[in-house]
Amino acid sequence: MTRHRAPTTHAFHAISALHLSQGNAFSSHAQSIGRFNKDFVRTGIFPIEFTAILTRLFEDRQSGDYDLIGLVSAEDANRDVEDARRMLEAIERYFQSQTQTE
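The structure contained in this document is the topic of the report that follows.

About the cut-offs
- Residues numbered from 1 in each chain as written.
- Predicted model: local features only at pLDDT ≥ 70, side-chain atom pairs only at ≥ 80, totals over all residues.
- Heavy atoms only, no water.
- Helix = DSSP H or I, 4+ residues; strand = E, 2+ residues; numbered from the N terminus.
- Buried < 20%, exposed > 50% of the residue type's maximum accessible area, 1.4 Å probe, protein only.
- Contact = heavy atoms within 4.5 Å.
- Phe/Tyr/Trp six-rings, centres within 6.5 Å; stacked < 30°, edge-to-face > 60°.
- Polar contact = N/O pair within 3.5 Å; in protein donor to acceptor, adjacent residues only side chain to side chain.

**Here we look at the environment of Ala11**
Then comes step 1: Tracing the backbone shows Ala11 in helix H1 (residues 2-21).
Then comes step 2: When its relative accessible area of 1% is taken as the criterion, Ala11 is described as buried.
Then comes step 3: Taking C-alpha positions, Ala11 is 8.3 Å from Leu54, a pair spaced 43 residues apart along the chain.
Then comes step 4: Apart from residues no more than four positions distant in its own chain, Ala11 is found in contact with Leu57, Ala84 and Leu88.

**Looking at the side chain of Ser32**
Then comes step 1: Note that Ser32 resides in helix H2 (residues 29-41).
Then comes step 2: Those residues within four positions of Ser32 in sequence are excluded, and the remaining contacts are Ile15, His19 and Phe26.

**A closer look at the packing of aromatic side chains**
Then comes step 1: Across all of its chains, the model carries 8 aromatic pairs by this definition.
Then comes step 2: On the basis of an interplanar angle of 25° and a centroid distance of 5.7 Å, the ring pair of Phe36 and Phe46 is categorised as stacked. Here Phe36 is found in helix H2, whereas its partner Phe46 is found in the loop between H2 and helix H3 (49-66), with 10 residues between them in sequence.
Then comes step 3: On the basis of relative accessibility, which here comes to 0%, the residue Phe36 falls in the buried class.
Then comes step 4: Here Phe46 falls in the buried class, since its relative accessible area comes to 4%.

**Details of the side chain of Asp83**
Then comes step 1: Tracing the backbone through its elements, the reader meets Asp83 in helix H4 (residues 74-101).
Then comes step 2: On the basis of relative accessibility, which here comes to 10%, the residue Asp83 falls in the buried class.
Then comes step 3: A distance of 2.3 Å separates a polar atom in the side chain of Asp83 from a polar atom in the side chain of Arg56.
Then comes step 4: Sequence-distant contacts of Asp83, defined by excluding residues within four places in its chain, comprise Ile53 and Arg56.

**A closer look at the environment of Phe40**
Then comes step 1: Following the sequence through the fold, Phe40 ends up in helix H2.
Then comes step 2: Since its relative accessible area comes to 1%, Phe40 is described here as buried.
Then comes step 3: In sequence terms Phe40 and His19 are 21 residues apart; their C-alpha atoms lie 9.5 Å from each other.

**Concerning the environment of Ala84**
Then comes step 1: With respect to the element layout, Ala84 can be found in helix H4.
Then comes step 2: Separated by 77 residues in sequence, Ala84 and Pro7 have C-alpha atoms that sit 5.7 Å apart.
Then comes step 3: Beyond its immediate stretch of four places on either side in the chain, Ala84 contacts Pro7, Thr8, Ala11 and Leu57.

Following this line, the structure appears as structure tokens:
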């Protein structure tokens, strides 16, 4: 479980870092996801597929943490890990491009 949870958690921390870089902070994942879509997806900084990925990562994390019946399958967990890594790599590239233009 830890191996699968870490990249997802890191993805949410990276989203928080994006918000903080814009002077924003949010108290819930739903607010954070919504503002990520507004500020970073709708503006074309990140692809629209990141909206669905981030939502799924959140739902799978919630299910794995709190739902006794709806455990996340190994296949879904592996997909989440790969998608979280893709998001982390894209966010890292974004931050690198921002520091190069300053």
